[in-house]
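A structural walkthrough
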Amino acid sequence: MMKRNFINISIIGVFFAICSLFISCSGEKDGYRPLFYNITKEVKLDAPVVTGNVYSIVEAGTYLFACNGNIYQKTANAERGWTSSTLPQGTSGVTGENATANVVIRLATIDGYLYAFTSNDKIYCSPVAEALAWTEIAHNRTDILTVFDNEAPYGTGARRAFASTDTGTLLELTGTTLGTTEVTDVIKAPDLTSATTYIPVKAVYLADSTKTIVSNDMLLTSNRDAIAYHMVEDCIYYTTDAGANWTGVSIDSTTPYSLAYYSDGSNGWLYVGTKTGIDGILLNSNTYIPIASYSSSHVVGNNLDSCLGDMQIIGIYPYPFQSGNVYAAAVVYYTSTAGSNTNKLWGYYPTRSNGENATWNCE
């Protein structure tokens, strides 16, 4: 009799334990996310096309171009659809886990031209088209560190592209040439890293002043109108006067790895790539000033945590601007192999052809 009572009590305990799992499926991010909650948020993953470490994505007219050693392209507004692009002569990209000595590591664009910077310090340019036709840009420099553009709206004449040297000299890419005179008509974001040499590696555009702001880290973005944002650790700095003054807003955050301004066409947020996914910073709907509120609940995608919750986000790309679409370059933390198929590009679309709207999936 005692044994039967013990068994009955055990069964009842198990029953209540199972019930508690279902009852607690609130999705609160408390470090112990319920198993069944995550299962309900999962979607069937598509086979990834863009794998490895995605170093940059640029928007150029009706196309998006991405590089991870290789170059991929797709129609900007399309859901997925990435295809391999023609590589510059002398590069062969990444195959599996084996990279050649000369791979494409960053892209930039201006109206009409796409630029590719490779690991052997060469810069190539191609007309922006479905079929890329690369030409090497002749220059006599051996100190080029990277290339980038200011993310101004394509086709407006405001898009500028630059090459930065390892001594901090900034040169401009125009058409098929690299300028030889140092660019000085840009605004520098504050040096928040205490670097001995200020080397610009990122730029953004402000429409109300037609100014380009540069930064010596990747944590710079703008709303393409009047406000630029710069992040360091647990503080967001913003400027409303083209970089003349910067104001800091402290937030409770983890170490940031990437930063982007995201808008669905109506509301705006700052998305921060971290070691464990993406968090969002609320922006005042009228002034677009950061609000000291920082949470993954501010980020689109009801399956965000199940897809990206354990991934380090090295790049966030909300393209086309205000379309609602956004891409995240994710790597497994501590992964050192550039061609690892565990690392990949993820995409979010408000509407998907399979009906699984407002979800993240492999690109």
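Structural data are supplied above this passage.
These figures come from a predicted structure and were not determined experimentally.

**Here's the deal with the layout of surface pockets**
- There is about 630 Å³ of room inside the largest pocket.
- What lines the largest pocket is a set of 36 residues, and nearest its centre among them are Arg106, Glu151, Lys202, Met218 and Tyr317.
- Secondary structure elements with two or more residues in the lining of the largest pocket: strand 1 (56-60), strand 7 (104-110), strand 11 (144-149), strand 16 (202-206), strand 18 (220-222), strand 22 (258-263) and strand 26 (312-317).
- A breakdown of the residues in the lining of the largest pocket according to their chemical character gives 22 nonpolar, 7 polar and 7 charged.

**Side note on the pattern of salt bridges**
- The tally for this structure, following the rule as stated, stands at 9 salt bridges.
- Across the pair Asp143 and Arg141 runs a salt bridge, and its minimum N-O distance is 3.0 Å.
- For Arg141, a relative accessible area of 27% gives the class partly exposed.
- Note that Asp185 is salt-bridged to Arg160, the shortest N-O span being 3.1 Å. One end of the pair, Asp185, is in the loop between strand 14 (177-178) and strand 15 (187-188); the other, Arg160, is in the loop between strand 11 and strand 12 (161-165), and 25 residues separate them in sequence.
- On the basis of relative accessibility, which here comes to 47%, the residue Asp185 falls in the partly exposed class.

**Some words on the packing of aromatic side chains**
- If you walk through the whole model with that rule in mind, you get 10 aromatic pairs.
- Ring centres of Tyr348 and Trp360 lie 5.8 Å apart, and the angle between their planes is 45 degrees; this geometry places the pair in the tilted category. Of the two residues, Tyr348 sits in strand 28 (residues 344-349) while Trp360 sits in strand 29 (residues 359-362), which places them 12 residues apart along the sequence.
- Each residue in the set Trp82, Tyr327 and Tyr349 is aromatic and connected to the rest through ring pairs, giving one cluster.
- Over the face of the ring belonging to Trp82 we find Lys74, whose NZ or CZ atom lies 5.7 Å from the ring centre.
- Positioned over the ring face of Phe321 is Arg224, at 4.6 Å from the centre of the ring.

The rules behind these values
Residues numbered from 1 in each chain as written. Predicted model: local features only at pLDDT ≥ 70, side-chain atom pairs only at ≥ 80, totals over all residues. Heavy atoms only, no water. 1 Å grid on protein atoms, 1.4 Å probe; cavity = no way out; pocket = protein on both sides within 12 Å on 5 of 7 lines; lining within 4 Å. Points joined across faces, edges and corners; volume = space filled by probe spheres on them. Helix = DSSP H or I, 4+ residues; strand = E, 2+ residues; numbered from the N terminus. Nonpolar A, V, L, I, M, F, W, Y, C, P; charged D, E, K, R; others polar. Salt bridge = Lys/Arg side-chain N within 4 Å of Asp/Glu carboxyl O. Buried < 20%, exposed > 50% of the residue type's maximum accessible area, 1.4 Å probe, protein only. Phe/Tyr/Trp six-rings, centres within 6.5 Å; stacked < 30°, edge-to-face > 60°. Lys NZ or Arg CZ within 6 Å of the ring centre and 35° of its normal.

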